Amino acid sequence: PQTESASSEVPSGRSMELEQYHPEEILKNTDLGLWRIHLDEASGRNEMYVDSMMAALLGLTSPLSPEECYRHWYRRINDGYYHYVGLAIENMIQTRRIVELEYTWNHPENGEVVVRLLGVRIEDHDGMICLEGYHRIISDLERPRFLSDGAAEMFEYNERKQSIYFHTRRSLLYGEA
């Protein structure tokens, strides 16, 4: 049987594998920080371990202990989002499913930024609940629009007939004229 390979053919005919690239460079170039959080529900001790990109995203200028790092991240969540972030963390813990959320966070240098966080519960370690995931500031993310600004005017919703009419150069796409 034929097996799939992690390599692909490039136009020159040479095989190029992802391992030739450095994953840490990809994470750096895309401003994606990795983190791991340990939670001790009995004692209330919380720890956050971060890679160098995550430390930069958090605006850290010097190393912090895992407990200080967690406090630095958590205390900068905007007030209106504490409950939402708490529910998402609880969801990760209870379901062991991947959870993604967006919230605003107070960056020490850049002020309020929008963050996307994705995390999942992994195997517990030393009696502590362990979560891991990524963090990215998305305030400055380039997002192409699905419909151009003018495209919104190219269709209309007829509430009475509960139908959508698309205005195109064609005479009729579907349905009644």
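Rules used in this analysis
Residues numbered from 1 in each chain as written. Predicted model: local features only at pLDDT ≥ 70, side-chain atom pairs only at ≥ 80, totals over all residues. Heavy atoms only, no water. Pairing = 2+ DSSP bridges. Helix = DSSP H or I, 4+ residues; strand = E, 2+ residues; numbered from the N terminus. Axes fitted to C-alpha atoms, helices over the stretch in contact; angles between N-to-C directions. Phe/Tyr/Trp six-rings, centres within 6.5 Å; stacked < 30°, edge-to-face > 60°. Buried < 20%, exposed > 50% of the residue type's maximum accessible area, 1.4 Å probe, protein only. Salt bridge = Lys/Arg side-chain N within 4 Å of Asp/Glu carboxyl O. Core = buried A, V, L, I, M, F, W, Y, C linked by side-chain atoms within 4.5 Å. Contact = heavy atoms within 4.5 Å.

A.B. asks: What's the story with the sheet that holds strand β7 (residues 128–137) in this structure? I'm lost.
C.D. replies: Strands in a sheet are paired, the pairing made by backbone hydrogen bonds, and the direction either parallel or antiparallel. Pairing is antiparallel in the open sheet, where five strands are placed in the order β4-β3-β7-β6-β5. Both outer strands of the open sheet, β4 (45–50) and β5 (99–107), are each paired with one neighbouring strand and no more. The sheet shows a mean angle of 30 degrees between the axes of neighbouring strands, direction not considered. Bridge count between strand β6 (residues 111–125) and β7: nine bridges; the pairing is antiparallel. Counted as the bridge partner of Arg 116 is Arg 136 from β7.

A.B. asks: Before we go on, may I ask you to explain the packing of aromatic side chains in this structure?
C.D. replies: Any two aromatic rings considered together are summarised by their centre-to-centre distance and by the angle between their planes. Per the stated rule, a full pass over the model turns up five aromatic pairs. A ring pair is formed by Tyr 81 and Tyr 84, whose centres lie 6.1 Å apart and whose planes are at 65 degrees; its orientation type is edge-to-face. Accessibility expressed as a relative area gives 37% for Tyr 84, which makes it partly exposed. The structure contains a cluster of three or more aromatic residues connected by ring pairs, namely Tyr 70, Trp 73, Tyr 74 and Tyr 82.

A.B. asks: Any chance you could explain the pattern of salt bridges here in plain terms?
C.D. replies: Should their charged atoms come close, side chains of opposite charge can pair. In the structure shown here, the tally under the stated rule is six salt bridges. Linking Arg 45 and Glu 67 is a salt bridge whose minimum nitrogen-to-oxygen distance equals 3.7 Å. With Arg 45 in strand β4 and Glu 67 in helix α3 (residues 66–75), this residue pair connects regions lying 22 residues apart in the sequence. Judged by relative accessible area, Glu 67 falls into the partly exposed class, the value being 24%. The partner of Glu 102 in a salt bridge is Arg 116, with the nearest N and O atoms 2.8 Å apart. Highlighted residues: Glu 102 in strand β5 and Arg 116 in strand β6, separated in sequence by 14 residues. What emerges from the salt-bridge pattern is a single network uniting Arg 45, Glu 47 and Glu 67.

A.B. asks: Is there a simple way to explain the nonpolar core in this structure?
C.D. replies: Inside soluble globular proteins, nonpolar side chains tend to come together where they are buried. Residues Met 48, Trp 73, Tyr 103 and Leu 131 are the most contacted members of the largest nonpolar core, which totals 29 residues. Every element with two or more residues in this core is listed here: β3 (33–40), α2 (52–57), α3, α4 (82–95), β5, β6 and β7. No other element matches the five residues that α4 contributes to this core. Apart from the residues within four sequence positions on either side, Leu 131 is in contact with Trp 35, Arg 36, Ile 37, Leu 39, Ile 89, Met 92, Ile 93, Val 120 and Arg 121.

A.B. asks: Explanation requested: the pairing of β4 in the structure shown.
C.D. replies: In the case of a regular strand, side chains alternate between the two sheet surfaces. Pairing analysis gives six bridges linking β3 to β4, with the strands arranged antiparallel. Following the sheet pairing, Leu 39 is matched in β4 by Asn 46. Hairpin connection from β3 to β4: four residues lie between these consecutive antiparallel strands, with Gly 44 at a positive phi of about 80 degrees.

A.B. asks: Please explain the pairing of β5 as it appears in this structure.
C.D. replies: When β5 meets β6, the two strands line up antiparallel, connected through nine bridges. By the bridge assignment for β6, Thr 104 is matched with Val 114. Hairpin connection from β5 to β6: three residues lie between these consecutive antiparallel strands.

A.B. asks: Mind showing me how you'd approach the environment of Ile 77 here?
C.D. replies: You can see Ile 77 is positioned in the loop between α3 and α4. Sequence separation of Ile 77 and Asn 106 is 29 residues, and the distance between their C-alpha atoms is 6.3 Å. For Ile 77, the contacting residues outside a window of four places in its chain are Tyr 82, Val 85, Tyr 103, Thr 104 and Trp 105.

A.B. asks: Honestly, the side chain of His 38 in this entry has me stumped. Any pointers?
C.D. replies: Locating His 38 in the fold gives a position in strand β3. Among residues more than four places away in sequence, those in contact with His 38 are Arg 45, Asn 46, Glu 47, Tyr 49, His 125, Met 128, Ile 129 and Cys 130.

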